[in-house]
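Residues per chain, in single letters:
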Amino acid sequence: MQPTHSSKRILQGVRNWFILASLLGALLLDLIPVGRLPGWPDWVALVLAFWCVRERFKVGMAAGFLLGIVMDVADASVMGEHALAYVLLAYGAGWLSRRILWFPLSRQALHILPLMLGTQAVTTGVRMIGGGDFPGWTYFLASVSTAVLWIPIHYLLLLPQYRPAEKDENRPI
Amino acid sequence: MTVAGRDPPPFFRRGPAPFARLAFFVIVSLALLGLDLRQRYLEPLRQALTVVTYPLRTLALAPVQALREAGGYLAAHGTLRRENARLAEQTVRAAATLLRHEQLELENRQLRSLLAMRDRQPAKGVVAEVLYATRDAYSRKVVIDKGTRQAVRAGQVVIDDLGVIGQVTRAFPLTAEVTLITDREQAVPVQVRRNALRAVLFGAGDGLLELRYLAGNADVREGDELVTSGLDGIYLPGLAVGRVARLAREGTGAFARIFATPIAGVERDALVLVLGERVLPAAPPRDAVTPREQRPARARAGKK
């Protein structure tokens, strides 16, 4: 697979343990109790969307559902709230995956923004129906920061796949 | 196309179609939502998952606590000395009240025994540290570091040095979730200290409280102190909760809109006290309550 479809570079295949480790790392970042900091990104949603776009036959709605349940327990929110949002996110990202990789990174991030806004809208809608408090419009800043992080996370998570196929002892890097 | 009633062998096995999978997971999520919002059947699952993810959460808590400790380490010498002086002064002042309080308690007990009334339950509890505020943006909850292993149970009242901050809504083995009084779904039965007018206090969002269901001409003034009434059988009576900040008596409505600010440091506490469960006097026998009709006595247990 290429970094983007218009690129000529062929990447190595992804390793399953790396996908698992990155999802666990994102979960750990999301569990850091930052309280009500507006604009703190949703790391799990970001990494989940990333792998749903890159490897949509390996990571999909089942992964989204499981991660969502864990987030519901950790966040002390209603069971199924994040699960529903992440399942829809995984479906949306999988659906976008044929299209989005034709674009340069900044425009990919623009594609991710409505996905993240949709995820937040789903959780907000569910909680408002359940009698929750409206968190205010600054809450949706998190979507923007998450979408912006799409660009660095692309390089970070593809780093192991950028390695050359044959190891060259004389190459400096 | 089928040949002789058989499908051709598939090249790629990919399971059910994406839309079918989406429908399945959405239905399961909605079922979970319904079960959790309406029936609360999922508490055992939540308990189990909380225990399983405990190491992960402890790991995630480490940077925050390190930051907090670093902040404490770097606190200026002058700040610490000022705080020390202030605390010493506070102790002395508290000692005077405490001495008088003991004497008053004694006197109160004597008077109560004269009146043959029941003793008021003394406040006992567990000191707990607030670990963090939950990230759930739609409710106001904090997590404390004491759980069912330290005899913290759901329903117990949590206070700080000034007044009530909330109620334990979920107790896990090592931690517990406290819903703050500023949460929209949290209700505290209170009375106005000045004239013992009873009402129910709800969270109003934005760190405010709202006194609901009071008539437009109710005798409430700005600055009135609201204390727990103890009618619910959960809160001990007489704990400070809030102070009336703003009154809006609109001409049309039958109810006044009364907003209050919490007295306790509800959203900025570090150390709190979880009060022990309140022991209620035994209900009178049924025959005595309903001598004529065979109506069942109404349960006095509180909400949540």
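Everything below is about the structure shown above.
Residues numbered from 1 in each chain as written. Chains lettered and ligands numbered in written order. Predicted model: local features only at pLDDT ≥ 70, side-chain atom pairs only at ≥ 80, totals over all residues.

J.: Help me out: how do you make sense of the sheet that holds strand β8 (residues 209–212) of chain B in this one?
T.: The strands making up a sheet are joined through hydrogen bonds of the backbone, oriented either antiparallel or parallel. All names here are of chain B. Spatial ordering of the closed barrel is given by β6-β7-β8-β11-β10-β9, a layout of six strands whose pairing is antiparallel. Neighbour-to-neighbour, the strand axes of this sheet turn through a mean angle of 45°, independent of strand direction. Sheet topology places β8 next to strand β11 (residues 257–262); three bridges connect them, and they run antiparallel. The residue of β11 that forms the bridge with Leu209 is Ala260. (Pairing = 2+ DSSP bridges. Helix = DSSP H or I, 4+ residues; strand = E, 2+ residues; numbered from the N terminus. Axes fitted to C-alpha atoms, helices over the stretch in contact; angles between N-to-C directions.)

J.: Explain the pairing of strand β7 (residues 198–203) of chain B to me, please; I cannot follow it from the model alone.
T.: Looking along a regular strand, one sees side chains alternate from face to face of the sheet. Residue and element names in this part refer to chain B. Taken together, the five bridges between strand β6 (residues 187–192) and β7 define a ladder with antiparallel strand orientation. Bridge pairing links Val190 to Ala199 in β7. Connecting the antiparallel pair β6 and β7 is a turn made up of five residues, with Ala196 showing a positive phi of about 60°. Pairing between β7 and β8: four bridges, direction antiparallel. Paired with Leu201 across the bridge in β8 is Leu211.

J.: Explanation requested: the nonpolar core in the structure shown.
T.: As a rule of thumb, nonpolar side chains are buried together in soluble globular proteins. Counting residues in each nonpolar core, the largest one holds 50 residues, and the members touching the most others are Leu48, Ala49, Tyr86, Val87 and Leu89 of chain A. When contributions to this core are tallied by element, the ones reaching two or more residues are α1 (16–31), α2 (43–54), α3 (61–75), α4 (81–100), α5 (105–129) and α7 (150–158) of chain A together with α1 (18–39) of chain B. Ala49 of chain A has contacts with Leu89, Ala93, Ile112 and Leu115 of chain A, leaving out every residue within four places of it along the chain. By size, the runner-up hydrophobic cluster in this structure holds 40 residues, among which are Val190, Val192, Leu211 and Val241 of chain B. (Core = buried A, V, L, I, M, F, W, Y, C linked by C-beta atoms within 7 Å. Buried ≥ 20, exposed ≤ 12 C-beta atoms within 10 Å, placed from the backbone. Contact = placed C-beta atoms within 7 Å.)

J.: Is there a simple way to think about the packing of α4 of chain A against α1 of chain B in this case?
T.: Think of two packed helices as two axes; the pair is described by the angle between the axes and how far apart they sit. Two numbers describe how α4 of chain A lies on α1 of chain B: the axes approach to 8 Å, and their chain directions differ by 165°. Between α4 of chain A and α1 of chain B, the angle falls in the class roughly antiparallel. Every pair of crossing elements has a handedness; the one defined by α4 of chain A and α1 of chain B is left-handed. Residues Glu81, Ala83, Leu84, Val87, Tyr91 and Gly94 of chain A of α4 of chain A lie in contact with α1 of chain B, whose contacting residues are Pro18, Leu22, Phe25, Val26, Ser29, Leu30, Leu32 and Leu33 of chain B. Partitioning the contact of α4 of chain A with α1 of chain B into residue classes produces eleven nonpolar, two polar and one charged. (Parallel < 35°, antiparallel > 145°, perpendicular 65-115°, else oblique. Left-handed = near helix turned anticlockwise from the far one by under 90°. Nonpolar A, V, L, I, M, F, W, Y, C, P; charged D, E, K, R; others polar.)

J.: What is the right way to look at the interface of chain B and chain A in this model?
T.: A common measure of how large an interface is: the accessible area buried when the components associate. Residue-level contacts link 37 residues of chain B with 34 residues of chain A. Every element with two or more residues in the side of chain B that touches chain A is listed here: α1, α2 (43–52), α3 (54–73) and β1 (125–133) of chain B. Examining the composition of the side of chain B that touches chain A, we find that eleven residues originate from one element, α1 of chain B, more than from any other. Tallied by class, the residues present in the side of chain B that touches chain A amount to 20 nonpolar, six polar and eleven charged.

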